[in-house]
Amino acid sequence: MFYSPFENATNELSKIKEEIAEENLIFSEELACPNCKTRLSDLLETGYVGCAKCYEVFSKELADMIYDFHKSAKHVGKRPEKLVSKAKIQKEIEQLEEQKRDALEREDFLLAQSIKEKISQLRGEL
Ligand SMILES: [Zn+2]
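In short, a report on the structure.

Before going further, it helps to examine the environment of Glu94. Considering the arrangement of structural elements, one finds Glu94 in helix 5 (residues 81–105). The buried category is assigned to Glu94, whose relative accessible area is 9%. Each C-alpha atom, one on Glu94 and one on Leu62, is 9.7 Å from the other, the two residues being 32 residues apart in sequence.

Shown next as structure tokens:
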């Protein structure tokens, strides 16, 4: 199967943005991790997830919102040791997301696509 990187990358990005904007309101009260009970609102507050399962539960939110977390979560308290390496990967994903945005802005869709694949790989390691 072959998808045009052009279509794929741009559609997906704007689609994610729309979904986040809508679901932010709808799910802020009810979306929670079944494993550690971290809610989306907790996530927003701290910028960190409670456990590995959270990455699945909040994957869509994390994908687009980690960007904002980083800016607003400067006063984060203690983090479990376990999460430190995950946080590193998360940080790397964050940087790649940034590069992807740049690439999209420059309309370098092939680069954006390859960055997207790297991000997917990193997410698999979380
Ligand atoms: Zn959790």
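From this point, things continue past the structure.
Glancing now at the nonpolar core. Generally speaking, soluble globular proteins have nonpolar side chains that are buried together. Leu43, Val49, Cys54, Phe58, Leu62 and Ile93 are the most contacted members of the largest nonpolar core, which totals 22 residues. At the level of elements, helix 2 (40–46), helix 3 (52–57), helix 5 and helix 6 (109–125) are the ones that each hand at least two residues to this core.

So, about the coordination of the zinc ion. Those protein atoms acting as donors to the zinc ion are Cys33 (SG), Cys36 (SG), Cys51 (SG) and Cys54 (SG), and they sit at 2.2 to 2.3 Å. For the zinc ion, the four donor atoms in the first shell make angles of 100 to 122° at the metal, so the coordination geometry reads as tetrahedral. The sequence motif formed by the donor residues of the zinc ion is C-x2-C-x14-C-x2-C. Taking the relative accessible area as the measure of exposure, Cys51 reaches 13% and is therefore buried. Judged by its relative accessible area of 0%, Cys54 falls in the buried class.

With that settled, the discussion passes to the pattern of salt bridges. If you walk through the whole model with that rule in mind, you get four salt bridges. In this structure, Lys53 and Glu56 form a salt bridge, with 3.2 Å as the shortest nitrogen-oxygen distance. Here Glu56 and Lys53 lie together in helix 3, a separation of three residues that amounts to about one turn. Overall, the relative accessible area of 55% leaves Glu56 in the exposed class. Look at the salt bridges and you will find they share partners, linking Glu97, Lys100 and Arg123 into a network.

Our focus in this paragraph is helix 6. Over its 17 residues, helix 6 extends 25 Å from the first C-alpha to the last, a length consistent with the 24 Å expected when each residue adds 1.5 Å. Those residues of helix 6 that fall on the buried side of the exposure criterion are Phe109, Ala112, Gln113, Ile115, Lys116, Ile119 and Leu122.

For Lys37, which is not a glycine, the phi torsion comes out positive at approximately 70°. By secondary structure assignment, the location of Lys37 is in the loop between helix 1 (5–27) and helix 2. Of note in this structure, Glu107 is not a glycine but carries a positive phi near 60°. Here Glu107 shows up in the loop between helix 5 and helix 6.

Thresholds, definitions, all that
- Residues numbered from 1 in each chain as written.
- Predicted model: local features only at pLDDT ≥ 70, side-chain atom pairs only at ≥ 80, totals over all residues.
- Heavy atoms only, no water.
- Helix = DSSP H or I, 4+ residues; strand = E, 2+ residues; numbered from the N terminus.
- Buried < 20%, exposed > 50% of the residue type's maximum accessible area, 1.4 Å probe, protein only.
- Core = buried A, V, L, I, M, F, W, Y, C linked by side-chain atoms within 4.5 Å.
- Donors = N, O, S within 2.8 Å, 3.2 Å for Na, K, Ca; no water.
- Tetrahedral: all angles 85-135°; square planar, octahedral: opposite > 155°, others 65-115°.
- Salt bridge = Lys/Arg side-chain N within 4 Å of Asp/Glu carboxyl O.
- Expected span 1.5 Å × (residues − 1).

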